[in-house]
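Listed below, chain by chain, are the residues.
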Amino acid sequence: MAPIKTCVLGVGLGGLTFHVPFVLARPNLFKLHAVMERNPQGPGGKVQARFGEDAAKGVIIHRTLDAVLADPEVELVIVTTPSETHYEIAKKVLQAGKHVLVDKPVTAHYSQAKELAELAKSKNVVLYPFQNRRWDSDFLTLRKLLDLPADHPKSLGTLYEFESRFDRYRAELKGSWKDLPLEANGLTYDLAAHTIDQALVLFGRPAKITAFIENIRGLGSKDVDDCFTIYLHYPPLKAASGVQPQSLKVILRGHILSVRSPQVRYVVRGTRGTYLKSGVDVQEDQLKVIPSPAAIAQTDNYGVEPEDIWGTVENLAADGSVVKSVWPSTERGSYINLFENLAAVIREGAEQIVKWEQSAEVIELIELAYQSAKEERTITVPPRA
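In this convention, every chain numbers its residues from 1, walking through the sequence in written order. In keeping with the predicted nature of the model, local features appear solely for residues at pLDDT of at least 70, side-chain atom pairs appear and are counted solely at 80 or more, and the whole-chain, interface and lining totals rest on all residues. Water and hydrogen atoms play no part in the side-chain values, which are based on all heavy atoms of the structure.

A. Seen up close, the environment of Arg 170. Summarising the element assignment, Arg 170 is placed in the loop between β7 (159-165) and α8 (187-203). Taking C-alpha positions, Arg 170 is 26 Å from Ile 363, a pair spaced 193 residues apart along the chain. Pairs of residues are marked as contacts when any of their non-hydrogen atoms sit within 4.5 Å. If we ignore the near neighbours within four places in the chain, the residues touching Arg 170 are Arg 217, Ile 256 and Leu 257. In DSSP terms, a helix is any run of H or I states spanning at least four residues, a strand is any run of E spanning at least two, and both are numbered starting from the N terminus.

Shown next as structure tokens:
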């Protein structure tokens, strides 16, 4: 299988942390043919500055999107530009007949995501959403816990509340494009794009949605939110035995003024136990400092969570007491799995693990969340079209 000739649009934090390293780490699957960098400071641009001369050797630096689209050798374009540009850029790339990997949020509007899907189908090219946090160590570990049989001593029983959080403390603006009142900006588009996707993977489409979204710090534009709480309302899960919950609530939170270390990540409550997990997947921090992309495969601790942020399970014992134990994060974080699947889809026609319509549904729910917050009411989620 010939490596897929790839161009990465944008070599800022997103491109150099989440995309370029994986393209370079799998030379059997991808060739970093080009990047788009408008004002390179040296012959190898930011790729050479970050990963060295060998990594940048032979990589073309295109200054404009038109140059990328006109390059007949580019097969795959990775869109990791500011969020408001994703739709327009992805549309132009698809029209040029090239495969596309789009960073989250894939678009600002659900209608745009559906339009891109139809365009990709008409052009017979792959349109893949970058929902990398399906391969977070903590999410993989959580799924393993939720898959336990009902009679397992660490089973949580029938779930009735699931809370997923991405909190941090930042009292000032970042001073980047993310602070600007542009489409698809704000913490909800940035981080709820991950938590909603994970909720849909676990529980499917909710019946209703209630959201509280605001600019809690009062900094910058009031239209750029920095705090969200989203409730996804589901019918009850059927209990195998014992107490039958009357509903399932999924609570998704992102707070910018949370004073805590490590921050809470998951709180999952069931009829027989509670799971508490703090700390976040380590891959992002590791990718920011790895000496070379080869370290992704060669470093023993890549994607491995330290024991001090492993989660705990508290289970109800037969005598009514509560037994607390550690639930080890034995699942290694592996963003590279997304890229391996992408290559298989393009070259072998494999099934997409992350389907475009799933990320489109994330955008649909984000729009409904904003509507709920604005109108101060619970919104019924329409059936899938």
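Don't stop here, the text continues.
B. Representation of the side chain of Asp 197 in the model. Structurally, Asp 197 can be placed in helix α8. Exposure categories follow from relative accessible area, calculated using a 1.4 Å probe and restricted to protein chains: below 20% of the type maximum is buried, above 50% is exposed, and the middle band is partly exposed. Here Asp 197 falls in the buried class, since its relative accessible area comes to 2%. Every residue in contact with Asp 197, bar those within four places of it in the chain, is listed here: Gln 131, Arg 134, Ala 192 and Val 362.

C. Looking closely at helix α6 (residues 110-123). Under the 1.5 Å per step criterion, the end-to-end length of α6 is 20 Å for 14 residues, consistent within 8% with the ideal 20 Å. Along α6, the positions that sit buried rather than exposed are Tyr 110, Gln 112, Ala 113, Leu 116, Leu 119 and Ala 120. Packing partners of the buried residues in α6 comprise α5 (86-95), β6 (127-130) and α12 (356-375). Where α6 terminates, the next one or two residues include Asn 124, which has phi positive at roughly 55°. Here a helix's expected span is defined as the number of its residues, less one, multiplied by 1.5 Å.

D. Fine view of unusual backbone geometry. With an omega of -10°, the peptide bond running from Lys 104 to Pro 105 counts as cis. Position of Pro 105 among the secondary structure elements: in the loop between β5 (99-103) and α6. At the junction of Ser 261 and Pro 262, the peptide bond is cis and its omega measures out at -5° in the coordinates. In this fold, Pro 262 is placed in the loop between β10 (248-254) and β11 (264-270). Positive phi, close to 55°, is recorded for Asn 124, a residue that is not glycine. A relative accessible area of 69% means that Asn 124 is categorised as exposed. The phi angle at Glu 376 is positive, at roughly 55°, despite the residue not being glycine. Within the fold, Glu 376 resides in the loop between α12 and β15 (379-380). Residue Glu 376 is classed as exposed on the basis of its relative accessible area, which comes to 73%.

E. Quick peek at helix α1 (residues 13-25). For α1, built from 13 residues, the straight-helix expectation of 18 Å at 1.5 Å per residue is met to within 8% by its first-to-last C-alpha distance of 18 Å. We define the bend at each residue as the angle formed by axes fitted to the 7 residues ending at it and the 7 residues starting at it. Where α1 bends most, at His 19, the angle is about 35°, and the proline Pro 21 comes one to four residues later. Among the 13 residues of α1, 10 are classified as buried, and the element is accordingly described as predominantly covered. Where α1 is concerned, the buried positions are Gly 15, Leu 16, Thr 17, Phe 18, His 19, Val 20, Pro 21, Phe 22, Val 23 and Ala 25.

F. Broad picture of the packing of aromatic side chains. What counts as a ring pair is set by centres within 6.5 Å for rings of Phe, Tyr and Trp (its six-membered ring), and what kind of pair is set by the plane angle: stacked under 30 degrees, edge-to-face over 60, tilted for all other angles. Following the criterion strictly, the structure yields 10 aromatic pairs and no others. Look at Phe 212 and Tyr 231: their rings are 6.4 Å apart centre to centre, the planes differ by 85°, and that puts the pair in the edge-to-face class. Of the two residues, Phe 212 is situated in strand β8 (residues 208-214) and Tyr 231 in strand β9 (residues 227-234); the sequence distance between them amounts to 19 residues. The structure contains a cluster of three or more aromatic residues connected by ring pairs, namely Phe 18, Phe 22, Phe 30, Phe 130, Tyr 335 and Phe 339. The ring of Phe 166 carries Arg 265 above its face, with NZ or CZ at 4.0 Å from the centroid. Between Arg 265 and the ring centre of Tyr 266, over which it is positioned, the NZ or CZ distance is 4.2 Å. Two conditions define a charge located above a ring, namely a distance within 6 Å from the ring centre to NZ of Lys or CZ of Arg, and an angle within 35 degrees of the ring normal.

G. A look at the sheet that holds β9. A pair of strands is labelled paired if DSSP reports no fewer than 2 bridges between them. Pairing in this open sheet of 9 strands is mixed, and the strands run β14-β13-β12-β11-β7-β10-β9-β8-β15 from one edge to the other. Bordering the open sheet on either side are β14 (322-327) and β15, each of which pairs with just one other strand. Where β11 meets strand β12 (residues 273-278), 5 bridges bridge the pair, whose relative direction is antiparallel. Directly across from Val 264, in β12, lies its bridge partner Ser 278. Across the sheet, α8 is in contact with β7, β8, β9, β10 and β11; its angle to β9 comes to roughly 20°. Sheet strands in contact with α12 are β8, β9 and β15, and its direction is about 70° off that of β8. Inter-axis angles, ranging from 0 to 180 degrees, are taken between N-to-C directions of lines fitted to C-alpha atoms, where helices are fitted over the stretch in contact.

H. Fine view of the packing of α8 against α12. Taken N-terminus to C-terminus, the directions of α8 and α12 make an angle of 120°; their axes are 9 Å apart at the nearest point. Relative to α12, α8 is oriented oblique. Every pair of crossing elements has a handedness; the one defined by α8 and α12 is right-handed. Residues Thr 188, Tyr 189, Ala 193, Ile 196, Asp 197 and Leu 200 of α8 pack against Gln 358, Glu 361, Val 362, Ile 363, Leu 365, Ile 366, Glu 367 and Tyr 370 of α12. Considered class by class, the residues forming the contact of α8 with α12 number 9 nonpolar, 2 polar and 3 charged. Here the word oblique covers every angle except those under 35 degrees (roughly parallel), over 145 (roughly antiparallel) and from 65 to 115 (roughly perpendicular). A crossing counts as left-handed when the near helix is turned anticlockwise from the far one by less than a right angle, and as right-handed when that turn is clockwise. Polarity classes work like this: nonpolar for Ala, Val, Leu, Ile, Met, Phe, Trp, Tyr, Cys and Pro, charged for Asp, Glu, Lys and Arg, and polar for all others, with Gly in that last group.

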